[in-house]
Amino acid sequence: MRMPKIIFTMAALLALLQPLHAVVPAWEKEAPETVADLLAIQKQVQKVLPKCMAATVTLQMGGSSGSGVVVNKEGLVLTAGHVSGQPGRAVKIILADGRELKGKALGMNGKTDSGLVQITDPPKDLPVIEYDKSKEELPGIGQWCIAVGNPGGLDKDRGAVVRVGRIISATKDTLRTDCMLLGGDSGGPLFDFNGVVIGIHSRISSRPDQNMHVAMPAFQEDWDTLINSKVIGGRIGGNPQPDRAFLGVFTEDNEKGALVLEVREDSPAAKAGIQKDDIIQKVDDNEIKGAEALTDEIRKMKPKAKVKVTLLRDGKEKVLEVELGAR
Amino acid sequence: MAKKKSSRLNWAPVKSIYHIMKFVRIFPLLLGAALTLNGATLSTKLRTDGTELRAAFGEAAGDVAKACTVNIYAGSKFTGLGTVISSDGIVVAKNSEIDVADPGALRIVGPGKRIGRTRILARDIAYDLVFLDLGREVDPGYEWGDITALDHGTWVVAGVAGSSSGPSVRGGVCSAITREIKKAGGVIGVILGGKDGKEFGGVEVTEVAKEGPAEKAGVKRGDVIFAVDGQEVFDRAKMIEKVKSHDPGTAIKVTLKRKDKEMELEITLGYRQQVFSELKNRNDRMSGKVSVRRTGFKRVIQHEVSLGPLDMGGPLFDLEGRLIGINIAKANRVEFFAIPVSDIRAILEDKAREISEARGE
């Protein structure tokens, strides 16, 4: 009765849509369905990759090493705040072709983990790449992306390491992808399939799907601060503030409080026995509703203060006493 | 209304309204926006190691993976995968995983459901490979590929230890330059960041790693090391080179000056990643279980297919289902190594006589 009519309508619709179908690239489908789709994805990745890799750099500060991406001819480098660290400190920039350049850290946001580095002696042929300047717009869920960086630190024989994956979730501060990251990747670029920077590698947990990147609106939001070598939101990174208390956890918002993604080695949190995956719910008698609330609460304290931290571990409540440290 | 339509149409050639809509260019964008507003996340089946993606990779190499991948057991312990490398029944696998397993009868399960005892025909320590006897002829199903076309971003497909339905596959890209992975030497756990040279009379220790081998042996910040194993070394780079030439676990003698005193200390070298840097330690912690041996390979392809240490020994294919390598190490959660198939064929030729003698041919 009604069914054949519907089928007819659908078939007609489908016929109309055929030409459109032909122009949808494989990477805009819900998932690649055939080997041909996979090959189309590979072709697009390899088309944009040389330029992406050329603009990806290694940053060395003292004994530590991270990644970054050069975004203009004047030598501006986007990186993670915890890589660039204290504004003004000396940074060695190593280009993909091995050339070593001098530079210095500009500003950083310790909360979103955005950071900038300026190359002070940019050569004329400095490889650069475009970055997404949106203030609001975010990559779509499922959008394909390419991660480049130096997992485990600089390795000249290996060069930068490439990963291809998809956006799992996106907020104005943070993108989450299934491009697997590791320490040393920090500050490295996440590209879309047009070779435009859409994120900066920031942090991970041991769960394979927890790969976090700073989203580009977070850079735009603080652009003046960053370019003027200021520090905001000093939660992580080389940002010494002697009279500010330090707990030593990196958390994200969770329905039940602040979920611990990382515990810094030798930090007050580590010494008190706070562990990854704990959900912090209270500091003394103050309820903690999320990552920011925890930062704010700790910020009010002084180093050496003793606080009671109430947390959920494997669903059970636990109270730990922590002696806070200094940043 | 729309909802009703889509469910009633499920059986029709056009599966659902959703399937039609996804052909429309704008739809992924709308979907993305809607999901973002909901704060939703990408369904696990659509992720790069999800079932939908695995199906596409399965089309490329699913059948050949089933035809050549075997499971290896030492006693009752699963030690990893193996790959049938010749039609006369030679299987290649990762040597060190079998080495560290409790000794027990070696068995091969597969291809298919067949179970049989096996024995070692030959080993190649430089590549960490072992060759086993399947004891029967079998069609491995694949063609030889080559790695000349491999570049950053080229898809590769790995055989993984599967479920009851047999081995399955997972895909990812070739992610770095094909190269040698040097053996990781040992470290004493100091930073030589100060003065050095002949005039200075040695190399200054500026930091001593906490609980590292040097600290345990009594080295202190400010000490000036001037000899290793009785040989004078005044140059920083040469001293690092000399220490690194020894494997972790080896004891070396270090001679140093502290103010006006001279002393000789014996230091047992540690693993770099254990002794040094929060970074390395943390990276290992973030990587889950890694391969027992993950350094010291003459040549490897590097890829990003998320595998476990027990998926090593399994095959690596290109998108046309040709064998291009044998997985040999999970170095960390990002870096996976495979021995190129050309190297394996060269080793097989090298070991041809050893293998036929072991088979009693």
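Not measured: the values here are computed from a predicted model. (Residues numbered from 1 in each chain as written. Chains lettered and ligands numbered in written order. Predicted model: local features only at pLDDT ≥ 70, side-chain atom pairs only at ≥ 80, totals over all residues. Heavy atoms only, no water.)

**Considerations on the overall build of chain A**
Secondary structure summary: chain A contains 7 helices and 21 strands in total. Considering only intrachain contacts with a sequence separation of at least 6, the fraction spanning at least 24 residues in chain A is 60%. When the accessible surface of chain A is totalled, it reaches about 13800 Å², and 52% of it is carbon and sulfur. (Helix = DSSP H or I, 4+ residues; strand = E, 2+ residues; numbered from the N terminus. Contact = heavy atoms within 4.5 Å. Areas by Shrake-Rupley, 256 points an atom, 1.4 Å probe, with all protein chains shown as cover.)

**So, the overall build of chain B**
Helix and strand content of chain B: 11 helices and 23 strands. Counting all 361 residues of chain B, 50% fall into the buried class. Once local pairs closer than 6 in sequence are excluded, the contacts in chain B between residues at least 24 apart make up 62%. Summed over all atoms, the accessible surface of chain B reaches about 17400 Å², with 50% contributed by carbon and sulfur. (Buried < 20%, exposed > 50% of the residue type's maximum accessible area, 1.4 Å probe, protein only.)

**Looking at the side chain of Lys29(A)**
All names here are of chain A. With respect to the secondary-structure elements, Lys 29 resides in the loop between α1 (3-23) and α2 (35-55). Of the polar contacts made by the side chain of Lys 29, one reaches the side chain of Asp 37; its length is 3.0 Å. When residues no more than four places from it in sequence are discounted, the contact partners of Lys 29 are Val 24, Asp 37 and Arg 166. (Polar contact = N/O pair within 3.5 Å; in protein donor to acceptor, adjacent residues only side chain to side chain.)

**Quick notes on helix α4 (residues 51-68) of chain B**
Residues and elements named next belong to chain B. Its 18 residues place the ends of α4 only 22 Å apart at the C-alpha level, less than the 26 Å of an ideal helix rising 1.5 Å per residue. Of all the bends found along α4, the most pronounced is centred on Glu 59 and spans about 65 degrees. Burial in α4 covers these residues: Leu 53, Ala 56, Phe 57, Ala 60, Ala 61, Gly 62, Val 64, Ala 65 and Cys 68. (Expected span 1.5 Å × (residues − 1). Bend = angle between axes of the 7 residues up to and from the residue.)

**A look at the sheet that holds strand β11 (residues 197-204) of chain A**
All names here are of chain A. One closed barrel accounts for 6 strands, arranged β7-β8-β9-β12-β11-β10; its pairing is antiparallel. Across the sheet, the axes of successive neighbouring strands diverge by a mean angle of 45 degrees, strand direction being ignored. Pairing of strand β10 (residues 189-191) with β11 involves 3 bridges; the strand directions are antiparallel. Paired with Leu 190 across the strands is Gly 199, a residue of β11. (Pairing = 2+ DSSP bridges. Axes fitted to C-alpha atoms, helices over the stretch in contact; angles between N-to-C directions.)

**Points about the packing of aromatic side chains**
Within the structure shown, the criterion is met by 9 aromatic pairs over all chains. Note on Trp27(A) and Phe193(A): the rings are 5.8 Å apart at their centroids and 55 degrees apart in plane angle, and the pair reads as tilted. In this pair, Trp27(A) sits in the loop between α1 and α2 while Phe193(A) sits in the loop between β10 and β11, placing the two residues 166 residues apart along the sequence. You can call Trp27(A) partly exposed: its relative accessible area is 23%. What links up through ring pairs into an aromatic cluster is the set Trp27(A), Trp144(A), Phe193(A), Phe57(B) and Trp155(B). When the ring centre of Tyr131(A) is taken as origin, the NZ or CZ atom of Lys133(A), which lies over that ring, is 4.4 Å away. (Phe/Tyr/Trp six-rings, centres within 6.5 Å; stacked < 30°, edge-to-face > 60°. Lys NZ or Arg CZ within 6 Å of the ring centre and 35° of its normal.)

**Describing the environment of Gly159(B)**
Residues and elements named next belong to chain B. With respect to the secondary-structure elements, Gly 159 resides in strand β8 (residues 155-163). Residue Gly 159 is classed as buried on the basis of its relative accessible area, which comes to 0%. In sequence terms Gly 159 and Gly 82 are 77 residues apart; their C-alpha atoms lie 9.8 Å from each other. With sequence-adjacent residues up to four places away left out, Gly 159 is seen in contact with Leu 81, Ser 168, Val 169, Asp 311 and Pro 315.

**Focus on unusual backbone geometry**
With omega at -10 degrees, the peptide bond leading from Gly110(B) into Pro111(B) counts as cis. With respect to the helices and strands, Pro111(B) occurs in the loop between β4 (106-109) and β5 (115-117). Located in the positive-phi region is Asp113(A), a residue other than glycine, with phi close to 75 degrees. As for its position among the elements, Asp113(A) is in the loop between β5 (100-109) and β6 (114-119). The class for Asp113(A) is buried, based on a relative accessible area of 0%.

**Notes on the sheet that holds strand β6 (residues 120-124) of chain B**
Residue and element names in this part refer to chain B. Overall, antiparallel pairing links the 7 strands, which are arranged β5-β4-β1-β2-β3-β7-β6 in an open sheet. Strand pairing shows two members of the sheet lacking a second neighbour, β5 and β6, which therefore form its edges. When strand polarity is set aside, the average angle formed by the axes of neighbouring strands in this sheet is 30 degrees. Note: strand β2 (residues 77-86) against strand β3 (residues 90-94), 4 bridges, orientation antiparallel. Each bridged residue has a counterpart across the sheet, and for Thr 83 the counterpart in β3 is Val 92. Its contacts with the sheet put α4 on β1 (69-74) and β2, and the angle it makes with β1 is roughly 35 degrees. Helix α10 (residues 341-350) contacts β2, β3, β6 and β7 (129-133) of the sheet and is inclined by roughly 60 degrees relative to β7.

**Some points on the pairing of strand β12 (residues 211-215) of chain A**
Residue and element names in this part refer to chain A. Among the 5 residues in β12, 5 count as buried, and that is most of the element. The sheet contact formed by strand β9 (residues 174-177) and β12 spans 4 bridges and is antiparallel. In the strand pairing of β12, Arg 176 is matched with Met 212. Pairing between β11 and β12: 5 bridges, direction antiparallel. Paired with Arg 203 across the two strands is Met 212, which belongs to β12. The loop that links β11 with its antiparallel partner β12 comprises 6 residues.

**Concerning α2(A)**
Residue and element names in this part refer to chain A. Taking 1.5 Å per residue, 21 residues should reach 30 Å; α2 reaches 30 Å between its end C-alpha atoms and fits that length. Bending of α2 peaks at approximately 40 degrees at the position of Leu 49, with proline Pro 50 no more than four residues after it. Residues of α2 that are buried: Val 35, Asp 37, Leu 38, Ile 41, Gln 42, Gln 44, Val 45, Val 48, Leu 49, Cys 52, Met 53 and Ala 55.

All quantities given are derived from atomic positions and should not be read as evidence of function.
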